[in-house]
Amino acid sequence: FLQDYFTDENRVLKKDPQQDYHLEYAMENSTHTILAFSRELHTCDTNDKSITESTVRVIWAYHHKDMGEAGQNYHGSNRGTKSLRLLNPEKEEVLSASLLHFDLTNKDVPVPDKDTTYWCQMFKIPVQHEKHHVIKVEPLIQKGHENLVHHILLYQCSSNLNDSVLDYGHECYHPNMPDSFLTCETVIFAWAIGGEGFTYPSHVGLSIGTAADPQFVLMEVHYDNPSYTEGLIDNSGLRLIYTPVLRKYDAGVIEAGLWVSLFHNIPPGMPEFVSEGHCTLECLEEALGAERPAGIHVFAVLLHAHLAGRAIRMRHFHNGEEQKLLAYDDEFDFNFQEFQYLKEERTILPGDNLITECHYSTVDRIRMTWGGLSTRNEMCLSYLLYYPRINLTRCASIPDIMEQLQFIGVKEIYRPVRQTWPFIIKSPKQYKNLSFMDAMNKFKWSRSEGLSYNELVLKLPVNVRCSKTDNAEWSIQGMTALPPEIERPYKAEPVICSSSSCLHCSLFLTLSFVVHVTASTIGNIGPFV
């Protein structure tokens, strides 16, 4: 038996008058009960959530006895939850056991007793005497550290380094960080907490073994230790599986969105605040026009924000006309970030522009939230996996700062700015000698002020970031551009949820639970909620 129930705000289970879940088959033995069921993605039932490409929180619970006349038995500790993308399963490809692999793992890294640590370790890609393709990357997370390791980024570093940089790791973004780490700007892989391994499409691989390929890479591991636990030692990292059998195309990665800086800021107490990062027409026109006029083909996207993030959308414009969203997650979960495979590859052409649109909630915060590295700071980024690889690693923007200052009433700052960063204010009197950050925190933010500020920052001119490998820049870097005149925020097309219109989009789920029972109680294994 399988029945469709829903719960109200008091957590009371009620039978749904519209039964939308249909039992496909059921099986039970001495250790397992399996119920397989199907449901339309959009049921027109106000008691159901639509199933989309966004993150879905799956909640499960069970009791060892069947439901009686009195109703559902309380599950006790037999319950759990997991964030999933039901419409974005990992691409399973049967890989030969004879494939080669190498591991990039930290060696006994002492994790400090502070909430956020970025640890950087340089590695040398094993020497290949000919070109190979990496075809899969898997996380190697030390057992018990699944919540400690928040994300891992792999950067390509300058090819002019030597083996002396391999001697030790160091805390990233630290004043004493080795200079060699500063040469590592090109992201070639990104994994974040909750994600699984990533398999490249059959016609694409990450090239290693040639002069243009990574020789030295920097692995950045973000440790999230909000409880300030002492004595943690970590050995997590990545496994790269590779083959001498070459695929047709080399993969590349572009980081798009908002340049991580204090220029990105969100007022406190806001139920919704929208930030935008622009991969501008000017940057794509120059880079693609020079390297790939026929365009590049995006096959996967990772959307990235921190704790205040609620939704992220990657918008795509061609000749000023908005296309279908490149990627989106309207139910963003900080603890579950992975590459989304696109159902169809998307071509990005010279003259296109991309906008990473991030929605935040700061209702529980009393101070400004700043763009920054800590999980308590914020980011608004998209990582685009594409082919064929070109010399474009970052396509981002920074909003103009002076109008942000003027919004709170700042009239004059001390110059030159480089010697007074992050901006020491000269006038008016209430802000005199305060930093930009202190003044923004001193301003009395209300929701109406926050909304007005949001409208302002979305229209501000942006500083273009358009980067190549080895710290080089396209000529457009540093220039000012205006954000496009578009509808804000993105308005999704209305869902058509009549049963006849969605016959082709049934979702078939199989749930299985292991329950430990004795032979005498096999018949009493109860229903699953």
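Source: prediction; values computed, not measured. Note that residues are indexed from 1 along each chain, following the sequence as it is written. This being a predicted model, a pLDDT of at least 70 is required before a residue's local features are given, and a value of 80 or more before pairs of side-chain atoms are given or counted; all residues contribute to the totals for chains, interfaces and linings. Values shown for side chains rest on all heavy atoms present in the structure; no hydrogens or waters enter the calculation.

Q: I keep staring at the overall build of the protein chain and nothing clicks. Help me out?
A: Secondary structure elements follow DSSP: runs of H or I no shorter than four residues count as helices, runs of E no shorter than two count as strands, and numbering proceeds from the N terminus. When helices and strands are tallied, the protein chain shows four helices and 36 strands. Radius of gyration here uses only the C-alpha atoms, and the compact-globule reference equals 2.2 Å multiplied by the residue count raised to the power 0.38. Relative to the compact-globule value of 24 Å for 529 residues, the protein chain shows a C-alpha radius of gyration of 25 Å, a close match. The buried share of the protein chain, reckoned over its 529 residues, is 51%. Within the protein chain, contacts between residues separated by at least 24 positions form 79% of all contacts whose residues are at least 6 apart in sequence. Under the scheme applied here, a residue whose accessible area is under 20% of the maximum for its type counts as buried, over 50% as exposed, and between as partly exposed, the area being computed with a 1.4 Å probe on protein chains only. In this description, contact between two residues means that some pair of their heavy atoms is separated by no more than 4.5 Å.

Q: Can you walk me through the pattern of salt bridges in this structure?
A: It is possible for side chains bearing opposite charge to pair when their charged atoms get close. Think of a salt bridge as a Lys or Arg side-chain nitrogen and an Asp or Glu carboxyl oxygen that are within 4 Å of each other. Enumeration according to the criterion identifies 20 salt bridges in this entry. In this structure, the salt-bridge partner of Lys131 is Asp250, at a minimum N-O distance of 2.9 Å. Placement of Lys131 in the loop between strand 9 (116-124) and strand 10 (132-140) and of Asp250 in strand 19 (residues 249-250) is noted, with a sequence separation of 119 residues between them. Of the residues examined, Asp250 reaches a relative accessible area of 16% and is grouped as buried. For Arg315, the salt bridge goes to Glu357, with nearest N and O atoms at 3.0 Å. Of this pair, Arg315 sits in strand 24 (residues 309-318) while Glu357 sits in strand 28 (residues 353-360), and the two are 42 residues apart along the sequence. Grouping residues by exposure puts Arg315 and Glu357 together as buried. Where salt bridges share partners, they join Arg313, Arg315, Glu322, Asp330 and Glu357 into one cluster.

Q: Just to check I follow, could you spell out unusual backbone geometry for this structure?
A: A negative phi angle characterises most non-glycine residues, just as the trans form characterises most peptide bonds. The omega torsion of the bond from Tyr387 to Pro388 falls at -15°, within 30 degrees of zero and hence cis. Within the fold, Pro388 resides in the loop between strand 30 (381-387) and strand 31 (394-399). Residue Pro489 is bonded to the preceding Arg488 through a cis peptide linkage, with omega at -15°. Counting through the fold element by element, Pro489 comes out in the loop between strand 35 (480-481) and strand 36 (506-514). The phi torsion at Asp108 lies on the positive side, around 50°, for a residue other than glycine. Topologically, Asp108 is positioned in the loop between strand 7 (100-105) and strand 8 (109-111).

Q: Can you walk me through helix 1 (residues 281-291) in this structure?
A: In an α-helix, one turn spans 3.6 residues, which is why side chains three or four residues apart end up on the same side. Those residues of helix 1 that fall on the buried side of the exposure criterion are Cys283, Leu284, Ala287 and Leu288. Within helix 1, the buried residues cover an arc of 95° as seen down the axis, which keeps them to one side. As for helix 1, its buried residues are in contact with strand 22 (273-279), strand 23 (296-304), strand 27 (340-348), strand 28, strand 31 and strand 34 (462-467). In this description, one arc is meant: the one made by directions from the helix axis to the C-beta atoms.

Q: How should I be thinking about the packing of aromatic side chains in this particular structure?
A: Aromatic ring pairs are defined here through the distance separating the ring centres and the angle between the ring planes. Aromatic rings from Phe, Tyr and Trp, taking only the six-membered ring of Trp, are treated as a pair when their centres fall within 6.5 Å; an angle between ring planes under 30 degrees marks them as stacked, one over 60 as edge-to-face, and anything in between as tilted. Taken as a whole and assessed by the stated rule, the structure comprises 18 aromatic pairs. Ring geometry for Trp60 and Tyr62: centres 6.3 Å apart, planes at 15°, overall stacked. Its relative accessible area of 14% is what places Tyr62 among the buried residues. For the ring pair Phe299 and Tyr387, a centre distance of 6.3 Å and an interplane angle of 35° mean the geometry is tilted.

Q: Please explain the domain arrangement of the protein chain as it appears in this structure.
A: How big an interface is tends to be reported as the loss of accessible area on association of its parts. Taken domain by domain, the protein chain holds domain 1 (5-84), domain 2 (100-398) and domain 3 (401-460). Where each domain begins and ends is defined by an automated method or by a domain database. On a C-alpha basis, the centres of domain 1 and domain 3 stand 50 Å from each other.

Q: What am I meant to see in the side chain of His304 here?
A: The topology assignment puts His304 in strand 23. A polar side-chain atom of His304 sits 3.5 Å from a polar atom in the side chain of His306. Here His304 is in contact with His150, His151, Ile312, Gln337, Met379, Cys380, Leu381 and Tyr383, once residues within four sequence places are set aside. Two N or O atoms form a polar contact when they lie within 3.5 Å of each other; inside protein one atom must be a possible hydrogen donor and the other a possible acceptor, and for residues adjacent in sequence the pair counts only when both atoms belong to side chains.

Q: Sorry, what's going on with the environment of Gly371 here?
A: Summarising the element assignment, Gly371 is placed in the loop between strand 29 (369-370) and strand 30. Sequence separation between Gly371 and Met402 is 31 residues; the distance between their C-alpha atoms is 17 Å. Excluding residues that lie within four positions of it along the chain, Gly371 makes contacts with Val260, Ser261, Leu262, His264, Asn377 and Glu378.

Q: Which parts of the structure should I look at to understand the sheet that holds strand 23?
A: Strand pairs in the sheet, formed through backbone hydrogen bonds, run parallel or antiparallel to each other. When DSSP finds at least two bridges between two strands, those strands are taken to pair. The seven strands lie next to each other as 27-23-30-20-31-34-35, forming an open sheet whose pairing is mixed. Of all the strands in the sheet, just strand 27 and strand 35 have a single pairing partner and so form its edges. Pairing analysis gives six bridges linking strand 20 (residues 252-258) to strand 30, with the strands arranged antiparallel. The partner of Ala256 across the bridge, within strand 30, is Ser382. Only C-alpha atoms enter the line fits that serve as axes; for helices the fit covers just the stretch in contact. Angles between N-to-C directions range over 0 to 180 degrees. Each of strand 23, strand 27, strand 31, strand 34 and strand 35 is contacted by helix 1, which is oriented at about 20° to strand 34, the strand it contacts most.

Q: Sorry, what's going on with the sheet that holds strand 11 (residues 149-156) here?
A: Strand order in the open sheet formed by five strands is 12-9-16-11-13, and the pairing between neighbours is antiparallel. Pairing within the sheet leaves two strands with one partner each, and these edge strands are strand 12 (170-171) and strand 13 (186-192). Relative to strand 12, strand 9 is paired through two bridges, and the arrangement is antiparallel. Looking at the pairing, Trp119 lines up with Glu171 of strand 12.

Q: When you look at the environment of Met270 in this model, what are you seeing that I'm missing?
A: By the secondary structure assignment, Met270 is in the loop between strand 21 (265-266) and strand 22. A C-alpha to C-alpha distance of 38 Å links Met270 and Gln19, two positions 251 residues apart in sequence. Here Met270 is in contact with Tyr360, Ser361, Thr362, Val363, Ser446, Arg447, Gly450 and Leu451, once residues within four sequence places are set aside.

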